[in-house]
Structure formats: C-alpha cells, structure tokens
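# Coordinates in review
Here is what each chain is made of, one letter per residue.
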Amino acid sequence: MESLSPKTFENAVIFFKQKSLSRVSPYLDPDSTLGELQIILKTSERCNLACPYCYYFNFGDNRFADRPPTLRKAVVPPLLAFLQKGVKDFAISKLSVTFHGGEPMLQTKKDFEFLCRSLRDGLDGLTKLEMSMQTNGTLITADWIRILDSYGVSLGISIDGPPEIHDAQRPDHQGRGSFSKIEMGIEKIRKTKVDSDSRAFGTLSVIDAQYPIEDVYNYLTKKLGIRSLGFLLPDRRVDHPFQPGESAELYGSQLIRLFEKWTSDDGIHVREIQKLLDFYQLYTEKKSTPETTVERQVIKKTHNEIIVIQSDGDLTMDDSLIPTGSWRLQAPVGNVKTHSLREFLSNDCFGELAFARSNVSAQCKACRWHFPCHGGALEDRFSEANGFDNPSAYCLGLKEFNKHVYDFLIANGYPTELAENKLSGKIISNQNIE
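Below, the structure is looked at part by part. (Residues numbered from 1 in each chain as written. Predicted model: local features only at pLDDT ≥ 70, side-chain atom pairs only at ≥ 80, totals over all residues. Heavy atoms only, no water.)

## So, the side chain of His 100
Worth spelling out the cut-off: The secondary structure listing takes helices from DSSP runs of H or I that are at least 4 residues long and strands from runs of E that are at least 2 residues long, numbered from the N terminus. Think of it in three bands: residues with accessible area under 20% of the maximum for their type are buried, residues over 50% are exposed, and the middle band is partly exposed, with areas taken using a 1.4 Å probe on protein chains only. Throughout, a contact is declared for two residues whenever any of their heavy atoms are within 4.5 Å.
Within the secondary structure, His 100 is located in strand E2 (residues 94-100). Residue classification places His 100 among the buried residues on the basis of a relative accessible area of 18%. For His 100, the contacting residues outside a window of four places in its chain are Ile 40, Leu 41, Lys 42, Thr 43, Ser 44, Tyr 55 and Gln 134.

Rendered as structure tokens:
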C-alpha cells in the first residue's frame, strides 16, 4: 500500500492504546439503576423547514399537531421534579438533555433561559448534567449564542453539505433553500464566541446516495472548518423498499469513501467511523485481569435509556423509532406530572426494546461482522412481520463497510489474531498485546 497519512498509523495497536477512551462506569445494578439517561426534550413541536426525509413529521406519527407548539414555563417545575426523582431512584451518574424539535430555537429565548436555569439549579450536584441543542441553524443569533454559552449548552447543527445538495434536502415550507441562513448562523458563532474552544460545534448530515460524500466532507471540513461530523443513513425499514436510485450497496460505498477521506485527513472526528473503530479499541482499567475484558464489563455494568419528553410533558419512547410505525404508536405514553421514571420504564415495551438491542437475528449471528455491526440501527431492522428480528435494510452495504475497515486495519499493522478474536467474541486481555 502506498504511503498513508499519520492517522493511518504505523502501528495500529499503539494508535488505539494512545487514543483509548475511558468508558467504564462504576458498578450499576441494571435491575434498580441506570448508568446514563438521555432525555430528548421537545422544546418545539414545529419546524420552520420542511425536510422530506424528516421522520418526526413525515412517518405517520401526527400526535405532534395536538401538542403545544413550544414547551411553556408551566411544564418546567413538574419536569424538574420528574428528573430529580428519576436521578435519585436510579442513581443516574450522567443525565444528558438534548433540546430538540422540530426546531428548538422556535421557543422564546426567555422561556428557554428559564428552562436552562431551572435544570442547572435543580440538577447540578445530583448528577453530571450535560445539555445540548440540535438545531437546523437558520435562527441562530448573537443572543442565542450568549444563552447557550451561559448555561453550557453544546451545539449541533444539521447541514447536509454544499448549497446544491443541502437546499434540495432541507427547504423551508415555501420550497426555498435554507443554506444561506445556516452559513450566516455559523459565521455568527465564530464572530460572537471569544474562547477558541467554545467555537467548536458539531454537524449532522443525512447521506444522499447520489451525491459524492467526499464533496460533503470537503465542504464541511475545508470550507466551513467543522472538526466534528456525524452522518446518518436515511430511515429505511426492511419491509419498505429503497427509493429509485438507492440501494444498500450504494450507501455502503458512501460509507467506505467517507472512511477513505477521513484516513487522508487529520484532526477530524467522524462519529460513525469512531464508533466502528471503538470496537477494535483496547480499553484498560485498574484491577483488570487476563480473564477479564473491558468490553464484557461495559455491557454488564452499564444500562442506559433514551426517552422523549414532549412539549406538554408527555413521556414517549425514543423518537428515532417513529419509522417503526405501529410498534411505537402502541408504546406507552406517560406524563411528567403523573408518572415517575420508574413507572414509565416498567412497561413491557422497554423490555422488548432492551431485548432487541441485545439480540440480533439468526442471519446476523451467523455473519462475520456480527459483533462490530450488531445488526445496524434498530429502526432499520424493523418489519411488521418480524419486529426487530431482521438484518438491517442496509445489511449488504454495512458488510462491505465493515470489511473495508477491517482490511485497512490489517494492512496498517493491526494484529490479525487480535482482530479475529475480536470478531469471534473471544475474551481478550490487553496483557496479550504488551
């Protein structure tokens, strides 16, 4: 292989050990505690854009229309009490609250400040509180940036690439493109923030099978200077065919080319690539023994959940599961005023979801890439006939992506025996690689 960039590393084992991230939690009994809880807080149930691929508005769950357009002050006290009790009941070590929508910046700044102040005052000290906002970026102002900075709210901006692709996928309700407003918002962030570290924010992009992903990557990193990227596959259920011009293989090719761009660059974080490389990572912790793997301990010790709190205080399941259709529609609905976290999570649907996360289909179990892939995203595994007991709609593409990354690692010094042991699920001690 021709000479490669520093990121491709001469010795993959050393690289992975140096980049190791500590992810091991204190012991948590999954029957009575949660390691982490992620709240998707719908501060707005409306959006100023009309993205055709948006699962929230276009996949058959129209309950948003019956809820208040934005979260009001009256919901905040019972919301805070619900979270405080949940943190105590489950000994939650980290609570992540993501302000979401719709478009969260449609909420008034005054109401949003009251919300953030209430959460900080009521939860700091009880748990590690992390707050973030996912926005389409069209409504960013200096005042919004000041508020986000004041309360330690990190920012993610949804942008699909250069104007010609972004405007086609993310128009407003009049069919006009939104890119120019997002570009102005990003420029305001850079001009308003004075601390260089606080200028960092991430982007989230939906992959278009027809548009070269290299152009998207280059535009985001070179033109806009983004250092942290996330890429989503469009929601495609097993029993819903791909749209004309799409296929699992085409999306797999996009992921492979994204990986190739990443290996030729430096200092860029791509969430989907990091997630796959983490599988091959070697984690260490104090008191580890040759018979113990951190991978096994992570699975055993950490029990995490994602729930959605709507603008009226209703409690619903992870809204990324909206594409499952009837399955999520029949899932439980509570409210922060009437239900505790323990009561809400006691519904059988959460047990079914936990089982689906921990178990993959027979076809997946027989696949070489079973462990790093783990069947793909849950919503892409769903069918009306078999529930989540299917390979992903993207299976063929994910197989090619996994193979490409594996071949790359082996070609650049990652020990074959170690990689094969990882793929087979054998217990590995890092003492074996010293």
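## A short note on the side chain of Asp 160
Stated precisely, the cut-off is as follows: In this charge count, Lys and Arg are treated as positive and Asp and Glu as negative; neither His nor the chain ends contribute. The working definition used for a salt bridge is a side-chain nitrogen of Lys or Arg within 4 Å of a carboxyl oxygen of Asp or Glu. Two N or O atoms count as a polar contact when they lie within 3.5 Å, although within protein this holds only if one can serve as hydrogen donor and the other as acceptor, and sequence-adjacent residues are included solely when both atoms are side-chain atoms.
Considering the arrangement of structural elements, one finds Asp 160 in the loop between strand E4 (153-158) and helix H6 (163-169). Despite being buried, Asp 160 has no salt bridge partner; Arg 170 is the closest side chain of opposite charge, sitting 4.5 Å away. There is a polar contact of 2.9 Å between the side chain of Asp 160 and the backbone nitrogen of Val 206. In contact with Asp 160, other than residues within four places in its own chain, are Tyr 53, Ile 165, His 166, Gln 169, Arg 170, Leu 204, Ser 205, Val 206 and Val 216.

## Here's the deal with unusual backbone geometry
In the segment running from Gly 101 into Gly 102, the intervening peptide bond is cis, with an omega of 10 degrees. Of note in this structure, Ala 91 is not a glycine but carries a positive phi near 50 degrees. Of note, Ala 91 is situated in the loop between helix H3 (76-90) and E2. For Ala 91, a relative accessible area of 41% gives the class partly exposed. Located in the positive-phi region is His 374, a residue other than glycine, with phi close to 50 degrees. As for its position among the elements, His 374 is in the loop between helix H16 (370-373) and helix H17 (378-381). Since its relative accessible area comes to 29%, His 374 is described here as partly exposed.

## Describing the pairing of strand E9 (residues 314-317)
Quick note on the threshold: Only when DSSP finds a minimum of two bridges between them are two strands counted as paired.
Across the two faces of E9 the burial is the same, with Asp 314 and Thr 316 and Leu 315 and Met 317 all buried. In the sheet, strand E8 (residues 304-309) pairs with E9 via three bridges, with the strands oriented antiparallel. Counted as the bridge partner of Val 308 is Thr 316 from E9. Between E8 and E9, which follow one another and run antiparallel, lie four residues, and Gly 313 among them has a positive phi close to 90 degrees. As paired strands, E9 and strand E10 (residues 334-335) are joined by two bridges and run antiparallel to one another. Along E10, the bridge assignment pairs Asp 314 with Asn 335.

## Some details on the pairing of strand E5 (residues 202-206)
The following threshold applies: Assignment of crossover handedness uses the view with strands pointing away from the viewer, where a clockwise path from the first strand over the helix to the second indicates a right-handed crossover.
Among the five residues in E5, four count as buried, and that is most of the element. Two strands pair when backbone bridges link them, and E4 and E5 are joined in this way by three bridges, in the parallel orientation. Within the sheet, the bridge partner assigned to Ile 157 lies in E5 and is Thr 203. Pairing geometry for E5 and strand E6 (residues 228-232), over five bridges, is parallel. By the bridge assignment for E6, Thr 203 is matched with Leu 229. Crossover connection from E5 via helix H8 (residues 213-223) to parallel E6: handedness right-handed.

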